[in-house]
Amino acid sequence: MKNIIVSLICGLLGAMIFTVANNYWYSRPIAVVKLDEIIASHLKEYGDKELTDDERKLASESFAQSLDSVMKQMGDEQRVTLLVAPAVVTDVPDYTEFVKAEIRRTMNGK
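The notes below deal with the structure included here.

Parameters at a glance
- Residues numbered from 1 in each chain as written.
- Predicted model: local features only at pLDDT ≥ 70, side-chain atom pairs only at ≥ 80, totals over all residues.
- Heavy atoms only, no water.
- Salt bridge = Lys/Arg side-chain N within 4 Å of Asp/Glu carboxyl O.
- Helix = DSSP H or I, 4+ residues; strand = E, 2+ residues; numbered from the N terminus.
- Buried < 20%, exposed > 50% of the residue type's maximum accessible area, 1.4 Å probe, protein only.
- Axes fitted to C-alpha atoms, helices over the stretch in contact; angles between N-to-C directions.
- Parallel < 35°, antiparallel > 145°, perpendicular 65-115°, else oblique.
- Left-handed = near helix turned anticlockwise from the far one by under 90°.
- Contact = heavy atoms within 4.5 Å.
- Nonpolar A, V, L, I, M, F, W, Y, C, P; charged D, E, K, R; others polar.
- Expected span 1.5 Å × (residues − 1).

### Some remarks on the pattern of salt bridges
A pair can form between side chains of opposite charge whenever their charged atoms are brought close. Counting across every chain of the model gives five salt bridges. Across the salt bridge formed by arginine 105 and glutamate 102, the nearest N and O atoms sit 2.4 Å from each other. Taken together, the residues arginine 105 and glutamate 102, both in helix H4 (residues 96-109) and three residues apart, mark about one turn of the helix. On the accessibility criterion, arginine 105 (53% relative accessible area) is exposed. When salt bridges that share partners are traced, they join Glu37, Glu97 and Lys100 into one network.

### Considering the packing of helix H3 (residues 53-78) against H4
At a minimum axis separation of 9 Å, H3 and H4 run at an interaxial angle of 130°. The orientation of H3 relative to H4 falls into the category oblique. Along this stretch, H3 crosses H4, giving a crossing that reads as right-handed. For the pair H3 and H4, the contacting residues are Ala59, Ser62, Phe63, Ser66, Leu67, Val70, Met71, Gln73 and Met74 in the first and Phe98, Val99, Glu102, Ile103, Thr106 and Met107 in the second. A breakdown of the residues in the contact of H3 with H4 according to their chemical character gives 10 nonpolar, four polar and one charged.

### Digging into helix H1 (residues 2-26)
The end-to-end C-alpha distance of H1, which contains 25 residues, comes to 36 Å, matching closely the 36 Å that a straight helix rising 1.5 Å per residue would cover. When you tally the buried positions in H1, you get zero out of 25 residues, a small fraction of the element.

In structure tokens:
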């Protein structure tokens with residue numbers, strides 16, 4: 001009987017340690033980004049400027065690269081899984097403003 005109780009306690013302790021370690025290293029909460037808002041602000045900002053077709057193409061390519069790299073960087077740094085806002089029904093953190101600011105910083109730095 002003593003061996004069964006010790007085995008049960010060891011099994012429960014091992015399961016708890018595994019669960020805590022798994023949640024610490026692999027669990028990533030969900031956050032949202034309003035991608036349509038980010039794209040609309042970019043279009044508004046660059047749509048009002050007098051640019052040539054080549055300059056518009058360059059700005060669009062730069063924006064797309066910045067958006068991609070910022071989304072990956074933000075997800076890795078904050079340890080979150082970023083989804084577009086319409087895909088999430090519940091209330092989760094919104095990273096839209098952080099992504100917008102980082103894209104603006106990245107594009108102005110280029």
